[in-house]
Every structure is written in C-alpha cells, then in structure tokens.
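Below are the chains, spelled out letter by letter.
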Amino acid sequence: MPTLDVLVRFALYLDLTLAFGVAFFALCAPQVRGALPLPGALASAGLAGIALSVLGLAVLSASMAGVPLSQVDAESVAAILTGMSLGKAWMVRIGGLALLIAAAAFLRSRPVAALSVASVGGALALGGLAWAGHGAMDEGAVGWLHLMADIAHLLAAGIWVGALTCLVLLVARPSHRADAAHLWATHRALDGFSLMGTTVVAVITATGLVNAWLLVGPTNAMSLPTTAYGQLLIAKLALFAAMLGFAAVNRYRLTPALAGRIDAGDHRGAIVALRVSVALETVCVVLVLALVAWLGILQPPASAM
C-alpha cells in the first residue's frame, strides 16, 4: 500500500502541476496558444486528475481502515469526505478540475477568459493537495502559516512545470516545421519565462525555507544525512540547484543565442542546445516531484521529537 500511495501522489503532483501550470503560462504567454493543442491537453489533464483523485481517496480509505484496496466501502470514504478537512479539500479539488475541463471547451472561441477560468480551477485543484501533505499537520497560527506556505510552494512549482512543458513542446518541433514565426514565438516564450522564473524561484525558496524550519527544525539539520527523510530532502535540494543552473543557462546564454541565430538564418544548433537544456531541466522537475511524493509518506524530523 505505501508504494501505491507514493505512485498515486506522484501521478497527482505531475498531473495537477501540468494542469494549472500550462493554463497559467498560456494565459501569460499568448504566443504559445496557437502553437500547442491546449484544449485537448487541459481536458485530458483534468479528467486524469479526477480519476487519480478517486484512486487516491480509495487508497487513503483503505489505509485508514486497515483493509485491502478491494475491500474499501462507501462508509469509510464518506467518513473522510464529511469528517476531515482533507475530505473537504478533496471535494474542492474535484470542483476545480471540473471547472478546468469546462473552460477547455471554450479555449478556441474565448481564449483569455477560458484560460483565466482554467487557471483558477487548476489552482484550486493543485493548492488543495496541501491538505494531503505535511502542511496540514500543525494547528493554530503555525498551522495556517505552514498550510499557506505549502499552497504557495505548490502553485509556484506548478507554474515552473507548466512553463517547462510548453517550452519542451515548442523547441521539440521538427526543424522542417519550425518556420520563422514559430521560432520567434519560441524565443518570446523562453524570454517571458525567464522574467517570470525569477518570481517563481523566489517564492519556492522562501516557502521552502518556511517548510524546512517547520518540518526539520534547526536542531535536526546536522543529522539529516543519517535519516531517510533527510537523504531524500538533500537529493531534492540538489536537483533544485541543478534546475536553477539549467534555467540560468537558458536565460543568459541559450535564449539570447537563439535570437541571434534566427536573424542569421542558422538556428539549428541553437535549437538543439535548448532542447537538451530544457529536457534535462524537465527530468530534474519530474524527479523532484517523485521525491516530494515519497517524502509525503515519511515522518519529518520535527514531528519525531
């Protein structure tokens, strides 16, 4: 059951960050709207999110009842939905995903309004995951601080994941199909995310520090390498540092180089370099989400005291 729990958490993190992040980035970067199949992608992400949420609720019910997944009953599920804040957050998540799916149907006729609604729905769905993690373990003012930090952390991560997904699809277009208009749209999207990324990194860093203080605590910092939680957390931080490195290379070297090569009519090398860099950054993101899913089922050092 723990393995299934981690897999479902990972799939939910990946799906919901994509759902919110792609909608939000497309709202902020108009040049990607015509280059990507957004209606189908957002609708598919919303449907997958609902299916994974139902599976996750069943896994949680089985774990709390101490029974196999096949023996979960309606009474156990109802107890979670009506008697726990986690259950209420689950219902908000489903509502947010339904909103996102409905908005996807109007993307072609009213793109700005539809993407605004989809972003709100995606944010509700993704932010609601905070109640399924360590962010809901504290009470009072500290509890609200922890929960808000978790929500902000999730939303900032979602913007990063969604933007990377769009950028991967843009730079992955075969060279013979990438005309000058597409190349300039790709450059503008890359340049736009470079500016947005500064805010995203600041939010992730600040909320990460809050979470580290509450989950680890200064007295446990030195013992992190000796615990499973600490080792996974260190691996996550190392991957985050690698992501920052790739993002810096993209912003200060590869994106300006692409502009110069488009003007010169020789963009192939610049695009290949961007493909490699963005792909490696994306791999780091996926690994970070897997580690976050794993960390979510482990006891943090601060709560073990």
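Residues numbered from 1 in each chain as written. Predicted model: local features only at pLDDT ≥ 70, side-chain atom pairs only at ≥ 80, totals over all residues. Heavy atoms only, no water.

J.: Hey, could you run me through a nonpolar patch on the surface in this one?
T.: Together, V92, L99, V117, V120 and L124 give the surface a local cluster of nonpolar side chains, amounting to about 360 Å² of exposed area. Those elements that place two or more of their residues in the nonpolar patch are α4 (85-104) and α5 (111-127). It is α5 that provides the largest number of residues to the nonpolar patch, a total of three residues. Counting through the fold element by element, L99 comes out in helix α4. Residue class for L99 comes out partly exposed when judged on its relative accessible area of 35%. (Patch = residues over 30% accessible without salt bridge, like charges linked within 9 Å, V, L, I, M, F, W, Y side chains within 5 Å. Areas by Shrake-Rupley, 256 points an atom, 1.4 Å probe, with all protein chains shown as cover. Salt bridge = Lys/Arg side-chain N within 4 Å of Asp/Glu carboxyl O. Helix = DSSP H or I, 4+ residues; strand = E, 2+ residues; numbered from the N terminus. Buried < 20%, exposed > 50% of the residue type's maximum accessible area, 1.4 Å probe, protein only.)

J.: Would you mind showing me how to read the confidence of the model for the protein here?
T.: For the protein, the mean per-residue pLDDT works out to 88, and 93% of the residues sit at or above 70. Mean pLDDT per element in the protein: helix α7 (residues 180-215) is the minimum at 85, and α5 is the maximum at 97. (pLDDT = per-residue confidence, 0-100.)

J.: Whenever I open this one, the nonpolar core confuses me. Can you help?
T.: The nonpolar side chains of soluble globular proteins are, as a tendency, buried together. Membership of the largest hydrophobic core comes to 74 residues, with the highest contact counts inside it found for F25, V32, L42, W160 and L167. Elements with a contribution of two residues or more to this core: α1 (2-28), α2 (38-65), α4, α5, α6 (140-171), α7, α8 (228-264) and α9 (268-295). Per-element tally for this core: the top contributor is α6, with 13 residues. In contact with V32, not counting residues within four places along its chain, are F25, A26, L170 and A189. (Core = buried A, V, L, I, M, F, W, Y, C linked by side-chain atoms within 4.5 Å. Contact = heavy atoms within 4.5 Å.)

J.: Mind showing me how you'd approach the packing of aromatic side chains here?
T.: Two numbers describe a pair of aromatic rings. These are the distance of the centres and the angle of the planes. Summed over the entire model, instances satisfying the criterion amount to three aromatic pairs. Between F20 and F24, the aromatic rings sit 5.7 Å apart at their centres with planes inclined by 35 degrees, giving tilted as the arrangement. Remark: F24 and F20 occur in helix α1; sequence separation between them is four residues, near one turn of the helix. We classify F20 as buried; its relative accessible area is 5%. Judged by relative accessible area, F24 falls into the partly exposed class, the value being 24%. Taken together, a centroid distance of 6.1 Å and an interplanar angle of 85 degrees make the contact between F25 and F193 edge-to-face. Taken as a pair, F25 in helix α1 and F193 in helix α7 lie far apart in primary sequence, 168 residues in all. The burial state of F25 is the same as that of F193; both residues are buried. (Phe/Tyr/Trp six-rings, centres within 6.5 Å; stacked < 30°, edge-to-face > 60°.)

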